[in-house]
Amino acid sequence: MIPLGDARRRFGFPWMTYLLLVVGLIVFIYERRLPLDGLYGLRPAELGQRIWAVEQAVGCLLVQGPGWLAPLVNLIYLWVLGSKVEDACGPYGFFFLSLLCGLGGVVVAGFLAPYLPEEARLYGLAGVVAGLFGAYLVLYRGEGIRTLVPPLFLVQVPAFLHFLYWAGWEFVHLDLAAVRALQFDRVFYPHWPFIGALFLGLLAGPLFARQEFLWLRLRGRRASHLPAQGA
Amino acid sequence: MERSRIRLLMREAIQAAQSGNKNWARECLGRVLRADPRNEEAWLWLSAILDTVAEKRYCLERVLAINPANAQAQAGLRYLEGQKEAGRPQAKRTICPLCGEPNDPNAFQCANCGQDLFVLCPACGERVDIDRTSCAACGLEIGDSSDGAAYFFHLGELYLKHGQPKRALDTWDKTLLLNPDYPRVAEVAAEAFMASGQRDLALQSLERAIEEAGDEEHRRALRLRMANYQRELGNMEEAGRLYRELLREDRALGERRADLFIELGRFHEKRGEREAARNYYEMALALEENLPEIRYALAEILLEQGYEVRAINEFRHLARTGGELAERAAARIRALRPPVPEAFRNRWQETVRGAGRFFLAGLLLLLLNRGREWAVATAYSPAYTLNILGLLATLAGGYLLTAATSAPRHLPGFALLTVRPEGRLAERLEARRKRQERKRPVWAMQFQVRLRRSAQTIAEGLGVARLRFARSLERAAAALSCTWRRIGASRPIQSLRMLGRRLGRLLGQARFFRSVAFFFRRLFPRRTGPSLLGQIAQLWPKGSRRLTGRVELSETDLYRWGAALIGLILVVLGTVMVLS
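Every value quoted in this text rests on a predicted model; they were computed, and no experiment measured them.

Enquirer: Any chance you could explain the overall build of chain B here in plain terms?
Expert: The helix and strand inventory of chain B stands at 26 helices and four strands. Every one of the 580 residues in chain B was classed for burial, and the buried ones make up 26%. Across chain B, the fraction of contacts at a sequence separation of at least 24, relative to all contacts at a separation of at least 6, is 49%.

This is how it looks when you write it as structure tokens:
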């Protein structure tokens, strides 16, 4: 299931999303050569110990972790959700919303540190995406996400199902060696703190939305001319 | 009509004529003659009540045509001839355009062939003598009847243009009578048949026109019209086949034509295939910008598909062009983008939203900075109080900032300031305003005006430069496309072309380069609002009235900006306290 989103926008080109995507891709490529875990990769128990906590948390938002599948899934969801949330919030509102959601994930991780395994690491982009999921769910209530279901089906899938699907990618770390060795603590990677980012997104989405967007939604114009399926 | 009824009508007409009621007499006689055109008595009475010599003569001639021995008619004609020779010099003869027979200038019909010697004006319906070149009533240019076939052809076109297809067809019959090989008759006749609802005849006529067309370009245009007719008649399969043929031929020639894309867009729109219709409309507009109807249709499709921003851009483009469509486009923009009402802007939820952002950010920073230990610690610490105060300061600052900038109704004391002052305070404010006005030197005003003009000029220049640059990029993309085709068509790399053809089909060459062109267009979209420089120019006052308004509002503005500044200071201070 590959989310494609759509280009139906109300207020303009989502340049901030594309800027974040470019930065994310650069970091993704950079990380393949030189992992950032040493400085910015966040262990919840070590929050604020090596460098200043705020710096560490903001730096952590760019770190995407090892492997290539989960980071790419995160980047795809950043693209799909970001363009729509940016349309609703404006570029700067979207930027601060993403930042807050990412930080929120880190804060919750810090609070849950005693209950998480010591090996657990947090990669901040997942927090941003979780927050965007929350904002999307509240701002585009009832709207699905256009999705390519292999081989060739284009369907609208409810956003909440997408969230569950994405959470599956985040929580299950496909380390085949660990599966063979039956080390399930390495397979089920603890990303639960980012549920906090989801709730923060649900709360902060309406706070950062544009006035015009809320007004149009209040008038009930939102779905009047938008095709429901497969547009 | 029964004989008895005709007799009754005749009696009625004679009584009316004898009593001087010519109109009613003419009506009754008209009914009699429609029922019995060979009624001698009716023609005679009609000649008696008609006014002009030409009409009288016509009626008497009809009597003689029915009964050459009618003495009254002969006498009447002799009387008319005598009057004409005695009263006026000999008038110029009217030449019949069909047979060339010189006729009496007052005659209605050609004495030789029976052709009417007048036509009805296509625009106003008045009678126009055949020897006149324009209508006396409305001034419509009809043409010179001495041109023969060309005259009737042009007249038919005028009839068609003014929505009288059947009369147009009758007129073109005369064209063919004069010149059976007259060009384009079948083509225009097809249009007239189509307009009059005779669809089969329209198609047959257009097929004949296609066969007769000598020029390849003309034949293509007629084939396109045939496809359009088939589309309008609902024969979508046939129409689609014809359109595909034309498209294939154009591609083979390496040409892209806006007219075909327009019709293809309409074809797909009629079939309900919005995506394809949008695609063709966009291609047509890329080739030719000045197509307001197509742009409007494209905007509607975009709107239906949910691309609201793009649709509004198209509507805005239309709204700048002027005309009826521009007004419709402006109305659509107003409907799509209604201004947010003042009541909504000033509702308390907006203030809560604004203050909530700052509070949330402060709280997160606090928790992040202090960590878990701080939140769960029970022992009192001075830093705890400082942090809490910082958080409250952030909240208060956020409230003031939001209320001052976006929801002023919730700014404390704001309503008092916006009320117009009265009494001595008002006089003092007025006097101060006048003092300030006097102090403002003329050179400063002139400087402002010049600065504003310069900013506008620069903004316009930049806009033109941007458009030219975008156009150049488009041309470069188009040139690249042509080069690609030429390289592909040259002999030395024919083999490579054969190998790459399959891949090229997969990618779609034209689509690829079109995509490149559209990509550049998207990078440089048409400006829909004022540019940055334009906005700066708008900030400058345009006249003394605006200046007066600013002075009157300065108290309120000062209060708002002051509140915003205090809010900002509180936010910064609170953040520092939270992070300390």
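From this point, the discussion proceeds with the structure in view.
Enquirer: I keep staring at the overall build of chain A and nothing clicks. Help me out?
Expert: Scanning chain A for helices and strands turns up 10 helices and three strands. Reading the helices (α) and strands (β) of chain A from amino to carboxyl end gives β-α-α-α-α-α-β-β-α-α-α-α-α. Counting contacts in chain A only where the partners sit at least 6 residues apart, residues at least 24 apart contribute 77% of the total.

Enquirer: Help me out: how do you make sense of the sheet that holds strand β1 (residues 2–3) of chain A in this one?
Expert: Hydrogen bonds between backbone atoms are what pair the strands of a sheet, whose relative direction is either parallel or antiparallel. Residue and element names in this part refer to chain A. Strands sit in the order β1-β2-β3 across an open sheet of three strands; the sheet is antiparallel. Each edge of the open sheet is held by one strand with a lone partner, namely β1 and β3 (153–158). Examined bridge by bridge, strand β2 (residues 144–149) and β3 share six bridges and lie antiparallel to one another. In the strand pairing of β3, R146 is matched with Q156.

Enquirer: Is there a simple way to think about the nonpolar core in this case?
Expert: Burial of nonpolar side chains together is a common tendency in soluble globular proteins. Judged by nonpolar contacts, the single largest core of 77 residues is most densely connected at V85(A), V129(A) and L132(A). The element best represented in this core is helix α5 (residues 124–139) of chain A, accounting for 11 residues. What V129(A) contacts, discounting residues up to four positions off in sequence, is N74(A), Y77(A), L78(A), L81(A) and W166(A). Counting residues in each nonpolar core, the second largest holds 60 residues, with C110(B), C135(B), L160(B) and A186(B) among its members.

Enquirer: How should I be thinking about the environment of E474(B) in this particular structure?
Expert: Residues and elements named next belong to chain B. Summarising the element assignment, E474 is placed in helix α22 (residues 442–489). Here E474 falls in the partly exposed class, since 17 other C-beta atoms lie within 10 Å of it. It is 9.4 Å that separates the C-alpha atoms of E474 and A286, two residues lying 188 residues apart in sequence.

Enquirer: Would you mind going over the interface of chain B and chain A with me for this structure?
Expert: Where the parts come together, the accessible area they lose is often given as the size of the interface. Between chain B and chain A, the residue contacts involve 23 residues of the former and 30 residues of the latter. A total of 13 residues in the side of chain B that touches chain A trace back to one element, the largest contributor, which is helix α18 (residues 348–376) of chain B. By residue class, the composition of the side of chain B that touches chain A is 11 nonpolar, five polar and seven charged.

Enquirer: Would you explain the environment of R310(B) in this entry?
Expert: You can see R310(B) is positioned in helix α15 (residues 308–319). As a C-alpha pair, R310(B) and L298(B) span 12 residues in sequence and 9.7 Å in three-dimensional space.

Enquirer: Would you take a moment to explain the confidence of the model for chain B for this structure?
Expert: Parts of the model with low pLDDT should not have their predicted coordinates read in detail. Residues and elements named next belong to chain B. Model confidence for chain B is summarised by a mean pLDDT of 79, while 82% of its residues fall at 70 or above. Low pLDDT (under 50) marks residues 543–553, which in the prediction has six contacts with non-local residues, meaning those over four places away or in another chain. Scored as a complex, the prediction yields pTM 0.58 and ipTM 0.83.

Enquirer: Can you walk me through the packing of helix α11 (residues 236–253) of chain B against helix α12 (residues 258–270) of chain B in this structure?
Expert: Helix packing geometry: the angle between the two helix axes and the distance between the axes. Residues and elements named next belong to chain B. Running from N to C, α11 and α12 point in directions that differ by 150 degrees, and their axes come no closer than 11 Å. Relative to α12, α11 is oriented roughly antiparallel. Judged by the sense of rotation from one axis to the other, the crossing of α11 with α12 is left-handed. Residues A239, G240, Y243, L246, L247 and D250 of α11 form the contact with α12, whose own contacting residues are L260, E263, L264 and F267. Its residues assigned to classes, the contact of α11 with α12 comprises seven nonpolar, one polar and two charged.

Enquirer: I keep staring at the confidence of the model for chain A and nothing clicks. Help me out?
Expert: Mean pLDDT over chain A stands at 79; residues scoring 70 or higher make up 77%. Low confidence marks residues 222–231 of chain A, where pLDDT is under 50. Its contacts with residues over four positions away, or in another chain, come to 15 contacts.

Enquirer: Sorry if this is basic, but what is going on with the packing of helix α14 (residues 292–304) of chain B against α15(B) here?
Expert: Residues and elements named next belong to chain B. The N-to-C vectors of α14 and α15 enclose an angle of 160 degrees; their axes lie 8 Å apart at closest approach. Taken together, the axes of α14 and α15 lie roughly antiparallel to each other. Crossing of α14 over α15 shows left-handed handedness. Contact with α14, carried on its side by P292, R295, Y296, L298, A299, L302 and L303, involves E308, R310, A311, E314, F315, H317 and L318 of α15 and no other residues of that element.

Enquirer: Explanation requested: unusual backbone geometry in the structure shown.
Expert: Trans peptide bonds make up the majority, and among non-glycine residues the majority have a negative phi. Residue and element names in this part refer to chain B. Notably, R184 is not glycine yet its phi reads approximately 70 degrees, a positive angle. Residue position: R184 is located in the loop between α7 (165–178) and α8 (185–195). For R184, a count of 15 C-beta atoms within 10 Å puts it in the partly exposed group.

Enquirer: Explain helix α1 (residues 15–33) of chain A here, please?
Expert: Residues spaced three or four apart along an α-helix face the same direction, because each turn holds 3.6 residues. Residue and element names in this part refer to chain A. In this model α1 runs 28 Å from its N-terminal to its C-terminal C-alpha over 19 residues, within 8% of the 27 Å that 1.5 Å per residue would give. Regarding α1, the residues found buried are M16, T17, L20, G24 and E31. Down the axis of α1, the buried set is contained in an arc of 95 degrees. They therefore lie on one face. Exposed side chains of α1 directed beyond 90 degrees from the buried face belong to W15, V22, I26, I29 and R33. For α1, the elements touching its buried residues are α3 (69–89), α4 (91–111) and α5.

Enquirer: What am I meant to see in the environment of Q56(A) here?
Expert: Checked against the element boundaries, Q56(A) lands in helix α2 (residues 53–60). In sequence terms Q56(A) and E46(A) are 10 residues apart; their C-alpha atoms lie 9.9 Å from each other.

Enquirer: Help me understand the pairing of β2(A) in this model?
Expert: A regular strand places its side chains so that they alternate between the two faces of the sheet. Pairing of β1(A) with β2(A) involves two bridges; the strand directions are antiparallel. Bridging from a neighbouring strand, I2(A) pairs with L148(A) of β2(A).

Reading the values: rules and limits
Residues numbered from 1 in each chain as written. Chains lettered and ligands numbered in written order. Predicted model: local features only at pLDDT ≥ 70, side-chain atom pairs only at ≥ 80, totals over all residues. Helix = DSSP H or I, 4+ residues; strand = E, 2+ residues; numbered from the N terminus. Buried ≥ 20, exposed ≤ 12 C-beta atoms within 10 Å, placed from the backbone. Contact = placed C-beta atoms within 7 Å. Pairing = 2+ DSSP bridges. Core = buried A, V, L, I, M, F, W, Y, C linked by C-beta atoms within 7 Å. Nonpolar A, V, L, I, M, F, W, Y, C, P; charged D, E, K, R; others polar. pLDDT = per-residue confidence, 0-100. Axes fitted to C-alpha atoms, helices over the stretch in contact; angles between N-to-C directions. Parallel < 35°, antiparallel > 145°, perpendicular 65-115°, else oblique. Left-handed = near helix turned anticlockwise from the far one by under 90°. Expected span 1.5 Å × (residues − 1). Arc of directions from axis to C-beta.

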